[in-house]
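Below, each chain spelled out in residue letters.
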Amino acid sequence: ILEAWGWRKNIELAMFAKKFGYKHYFLSKSNTPHNIALLCHIAPKKVIFHKKGFHHSLIQAYFNHKNNQFALLGVHLSPVNEGIRFREAKKIIHVGKKYPNSVIIGDFNSLAPNDRYNKIKLIRLFKKNNIIKFGNKRIEIREMKKFFQSGFVDTVKLFSNKGIRYTAPTKRRAGEKHVAN
């Protein structure tokens, strides 16, 4: 869960976890009200919370389940601009590379190079609506490229059996509110 807006671990998160049957739950207190929550049925071996150098925060959980070891990194990258997100991406990659089988999940506040959108139409729409978080003269995708160049893959694309080749736009994320059309 991203943007656990103002939630407290032992109140809102505990109630949510109980309602949906999660035994294990953790809350990363962010530098903003956008806290990051992790709910899981498998008990993690270790959970680490990172705030320094992040607009919001990063939650890092290590699991050992049925002799499979993996790390889950829950992120919410800065909505401000590409430069900040790029610095955050480098920190996340550094953390993720320390542990094989890392999965990074969350809100990247970015477009990816493999997302299907009309770049010219999108830049015009950004300018019209004074949206600069994705760039103002060209679409900025440096942090997503950094993740891919570092060996991480888009798991929606990787595990999709329906031939999905992109994560935005989708039928559920269409229209001017989701400008990646």
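Throughout this description, residue numbers start from 1 for each chain and increase along the sequence as written. The predicted origin of the model limits local features to residues at a pLDDT of at least 70 and limits the giving and counting of side-chain atom pairs to 80 or more, whereas totals for whole chains, interfaces and linings rest on all residues. As a convention, hydrogens and water are excluded, and side-chain values are obtained from all of the structure's heavy atoms.

### Digging into the packing of helix H2 (residues 82-97) against helix H4 (residues 142-149)
To get an axis, fit a line to the C-alpha atoms, keeping to the stretch in contact for a helix; angles then go from 0 to 180 degrees between the N-to-C directions. Secondary structure elements are taken from DSSP: a helix is a run of H or I of four residues or more, a strand is a run of E of two residues or more, and numbering for both begins at the N terminus. Where H2 meets H4, the axes come as close as 8 Å, and the angle between the chain directions of the two elements is 20 degrees. The angle between H2 and H4 places the two elements in the roughly parallel class. As for how H2 packs across H4, the hand of that crossing is right-handed. Taking contact as the criterion, the partners of Glu82, Gly83, Arg85, Phe86, Ala89, Lys90, Ile92 and Ile93 in H2 are, on H4, Arg142, Glu143, Lys146 and Phe147. Each residue gets one of three labels, nonpolar for Ala, Val, Leu, Ile, Met, Phe, Trp, Tyr, Cys and Pro, charged for Asp, Glu, Lys and Arg, and polar for the others, Gly among them. The residue makeup of the contact of H2 with H4, split by class, is five nonpolar, one polar and six charged. Under this scheme an angle from 65 to 115 degrees is roughly perpendicular, one under 35 degrees roughly parallel, and one over 145 degrees roughly antiparallel; angles in between are oblique. By definition, turning the near helix anticlockwise from the far helix through less than a right angle yields a left-handed crossing, and turning it clockwise yields a right-handed one. Whether two residues are in contact is decided by their heavy atoms: any pair within 4.5 Å suffices.

### Focus: the environment of leucine 77
Here leucine 77 is to be found in the loop between strand S6 (68-76) and H2. Residue leucine 77 is classed as buried on the basis of its relative accessible area of 0%. Along the primary structure leucine 77 and asparagine 109 are separated by 32 residues, whereas in three dimensions their C-alpha atoms are 6.0 Å apart. Contact partners of leucine 77, with chain neighbours within four places excluded, come to His56, Arg85, Glu88, Ile92, Asp107, Phe108, Asn109, Glu143 and Phe147. Remark: exposure states derive from per-residue accessible area (1.4 Å probe, protein chains only) relative to the maximum for the residue type, with buried under 20%, exposed over 50%, and partly exposed in between.

### Notes on the pairing of strand S7 (residues 102-107)
Being paired, for any two strands, means DSSP has found at least two bridges between them. Where S6 lies against S7, six bridges are found, and the strand directions are parallel. Within the sheet, the bridge partner assigned to leucine 73 lies in S7 and is isoleucine 104.

### Concerning the pairing of strand S3 (residues 34-40)
Counting buried positions along S3 yields seven of seven residues, so the element is predominantly enclosed. Side chains His34, Ile36, Leu38 and Cys40 of S3 all project onto a buried face; the interleaved residues Asn35, Ala37 and Leu39 project onto the opposite face, where all are buried too. Judged from the two bridges that link them, strand S1 (residues 4-5) and S3 form a sheet pairing that is antiparallel. Within S3, the position partnered with alanine 4 by the bridge is asparagine 35. Of the pairings in the sheet, the one linking strand S2 (residues 24-28) to S3 comprises five bridges and is antiparallel in character. In the strand pairing of S3, tyrosine 25 is matched with leucine 39. Linking S2 back to S3 in an antiparallel pair, the connection comprises five residues.

### Remarks on the side chain of serine 30
Mapped onto the elements of the fold, serine 30 is located in the loop between S2 and S3. Polar contacts here mean pairs of N or O atoms no more than 3.5 Å apart (in protein, one a potential hydrogen donor and the other a potential acceptor; neighbouring residues in sequence count only if both atoms are side-chain atoms). A polar contact is formed between the side chain of serine 30 and the backbone oxygen of histidine 34, at a distance of 2.7 Å.

### Regarding the packing of aromatic side chains
Only centres within 6.5 Å qualify two rings of Phe, Tyr or Trp (six-membered ring in Trp) as a pair; their planes then separate them into stacked at under 30 degrees, edge-to-face at over 60, and tilted for everything else. Per the counting criterion, the structure on display carries seven aromatic pairs. Between tyrosine 62 and tyrosine 99 the ring centres are 4.5 Å apart and the planes differ by 55 degrees, which places this aromatic pair in the tilted class. Of this pair, tyrosine 62 sits in strand S5 (residues 58-65) while tyrosine 99 sits in the loop between H2 and S7, and the two are 37 residues apart along the sequence. Accessibility expressed as a relative area gives 17% for tyrosine 99, which makes it buried. Relative to phenylalanine 70, the ring of phenylalanine 63 has its centre 5.0 Å away and its plane inclined at 15 degrees; by these criteria the two rings are stacked. Residue phenylalanine 70 is classed as partly exposed on the basis of its relative accessible area, which comes to 24%. Both a distance and an angle decide whether a charge sits over a ring: NZ of Lys or CZ of Arg must be within 6 Å of the ring centre and within 35 degrees of the ring normal. Taking the ring centre of phenylalanine 86 as reference, the NZ or CZ of arginine 142 above it sits at 4.9 Å.

By themselves, these figures tell us nothing about what the structure is for.
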